[in-house]
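Breakdown of the fold
Single-letter residue listing:
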Amino acid sequence: MDFISPIVEWLVFIFVMAIGIGVLAVVVMLVLDLSQREDAIRRNYPLIGRFRGLFTKLGEFFRQYFFAMDREEMPFNRAQRDWVYTAAKGEGNTVAFGSTRNLSIPGTPIFVNAVFPPLDDQFAATKPMQIGPYARHPYMAPSIYNISGMSFGALSQPAVEALSKGAARAGIWLNTGEGGLSPHHLVSDCDIVFQIGTAKFGVRDHDGNLNDDKLRAIAAKPQVRMFELKLAQGAKPGKGGILPAAKIDDEVAEIRGVPKGKDAVSPNRHREIDDFSDLLDMIQHIREVSGKPVGFKTVIGSSDAYEELFRLINERGPESAPDFITIDGGEGGTGAAPMPLMDSVGMPLREALLRIVDMRDRFGLKDRIRIIASGKMVNPGDVAYAICAGADFVVCARGFMFALGCIQALKCNKNTCPTGVTTHDPHLQRGLVVEKKYVKVANFAQSVIKEVEMIAHSVGVAEPRLMRRRHVRIVQANGDSVVLRKIRPSHEVEDLEGKEMPNMTPVQAPDSDRKQAGG
């Protein structure tokens, strides 16, 4: 038993030392809190005041898992995220007992089901639609739902590879974002939309100007089907982007054409584009050099400003028009943006989309310019509404991030993403297994498309692009719902003066609808 005595003495010594160190630490923190002048709470309530910062930091996680209801969180609530997670697994997205959605909230869309919807054998898949008839290589886009712009650099290598392989499997396009075309985008044969941002990463010279030789080289790759000139982004209209130096390694620096170890800054607009005339000139130049369809992405502040654009197009002729316009809503997302711009600048997509679609149609450019809707389109109901409003295509970014495993930790700008989606930390990236995640990306896209088609069949048409504004009602402040066509009449002639069309099938569809559906 003699050997026990020294052990006990050491344990007692360690215990006393721990108590002493703890008391010393408390005294040190007490002195520091009382003497510091930056934090009033810690100065007035030393030691205890430190818990405020801790609880504030942990609060966002506790609210997500323990306190927030299914429909309460922002920017995406638990019900929205869970739908994506389930869809990505390829599991059935049925729910039991009843909807948890409050259908009396003003602005809620409610689709108008048909009295006699098409029979099972009268359904049709969504048809491809042509983009860029005046380009040397027009693009026959197969899918209504595609992946919006997310840059390599902002996203990790495995995330981009999973998106590329998933897009190929699902038959949808992948937008590169403004960070250039990386080898990771090309690991599959998916269709690619190359985005040209204000810094022209990937197609720039040493001074940041557009380099035609680099543009031509990118366009020569068969996977690159279109070019998108980015004017503005929903989360930060009027401000350029910043990729922190911590995310710029040798590979990112080479792909973007920027120095390593310095923030990669995008200007707030293209220096050579001062007005709509310059914009049309740039679009025509890129289309001529590349031979591919070219459009632009923007955020609407006032639709009145775009009257001049459509007037100029009609003056110059339809060949001068952009092949598509991507409308990004003010609710759009990003890796990092100032809160005032994220919260308070830019028209929400629902309003902006209606305004630009109507203006395009009023100037007679419906068959020339395709409209792409972007901004928080993660669930089938949102996508179906956008198509009813007049969008030809819908793109989404954050929905596909959820499919990759994103848990909305809100760490995109800190290189500490716990799921490996937006970090270049190899330890965190190892959690994102490409061979598993790309299947989830494809499952999610296919589930959205399938359920949008299901909504279309329910309202009485054969495929989504036959849906019109008469097929969706909007809840008003008094609790009543009103058909969208009455709130915002369309400039196209609606079938049968807006009356319901029973048993709509591809054979029975009027000529005007068949023309739109087929492109």
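First, a word on scope: everything that follows refers to the structure included in this document. (Residues numbered from 1 in each chain as written. Predicted model: local features only at pLDDT ≥ 70, side-chain atom pairs only at ≥ 80, totals over all residues. Heavy atoms only, no water.)

**Thoughts on the overall build of the protein chain**
A count of helical and extended segments in the protein chain gives 17 helices and 15 strands. Considering only C-alpha atoms, the protein chain reaches an extent of 100 × 60 × 45 Å along its principal axes. Per-residue burial for the protein chain yields a buried fraction of 50% across its 519 residues. Taking the intrachain contacts of the protein chain between residues at least 6 apart in sequence as the baseline, contacts between residues at least 24 apart amount to 69%. With 63 positive and 61 negative side-chain charges, the protein chain shows a separation of 2 Å between the mean positions of the two kinds. (Helix = DSSP H or I, 4+ residues; strand = E, 2+ residues; numbered from the N terminus. Buried < 20%, exposed > 50% of the residue type's maximum accessible area, 1.4 Å probe, protein only. Contact = heavy atoms within 4.5 Å. Lys, Arg positive; Asp, Glu negative; His and termini not counted. Charge placed at Lys NZ, Arg CZ, Asp CG, Glu CD.)

**Observations concerning the pairing of strand β7 (residues 224-230)**
The element β7 is largely enclosed, with a buried count of 6 among its 7 residues. As paired elements, strand β6 (residues 191-196) and β7 share 5 bridges and run parallel to each other. Bridging across to β7, Phe194 finds its partner in Phe227. At this point the chain moves from β6, through helix α6 (residues 212-219), to the parallel β7, and the crossover so formed is right-handed. Where β7 lies against strand β10 (residues 294-298), 4 bridges are found, and the strand directions are parallel. (Pairing = 2+ DSSP bridges. Right-handed = clockwise from strand over helix to strand, strands pointing away.)

**Remarks on the side chain of Asn146**
Along the polypeptide, Asn146 turns up in strand β4 (residues 145-147). Asn146 sits in the buried class, given a relative accessible area of 1%. Side-chain polar atoms of Asn146 contact the backbone nitrogen of Trp173, separated by 2.9 Å. Apart from the residues lying within four places of it in its own chain, the contact partners of Asn146 are Ile172, Trp173, Phe393, Val394, Val395, Cys396 and Phe400. (Polar contact = N/O pair within 3.5 Å; in protein donor to acceptor, adjacent residues only side chain to side chain.)

**Comments concerning the sheet that holds strand β1 (residues 109-111)**
One open sheet holds the 3 strands; their spatial order is β1-β14-β15, and the pairing between them is antiparallel. The sheet terminates laterally at β1 and β15 (481-483), the two strands that pair on one side only. Put simply, the sheet's adjacent strands are angled 35° from each other on average, direction ignored. In this structure, strand β14 (residues 472-475) lies alongside β15, joined through 3 bridges in antiparallel fashion. Bridging across to β15, Val475 finds its partner in Ser481. Contacting β1 and β14, helix α12 (residues 380-389) crosses the sheet at an angle of about 80° to β1. (Axes fitted to C-alpha atoms, helices over the stretch in contact; angles between N-to-C directions.)

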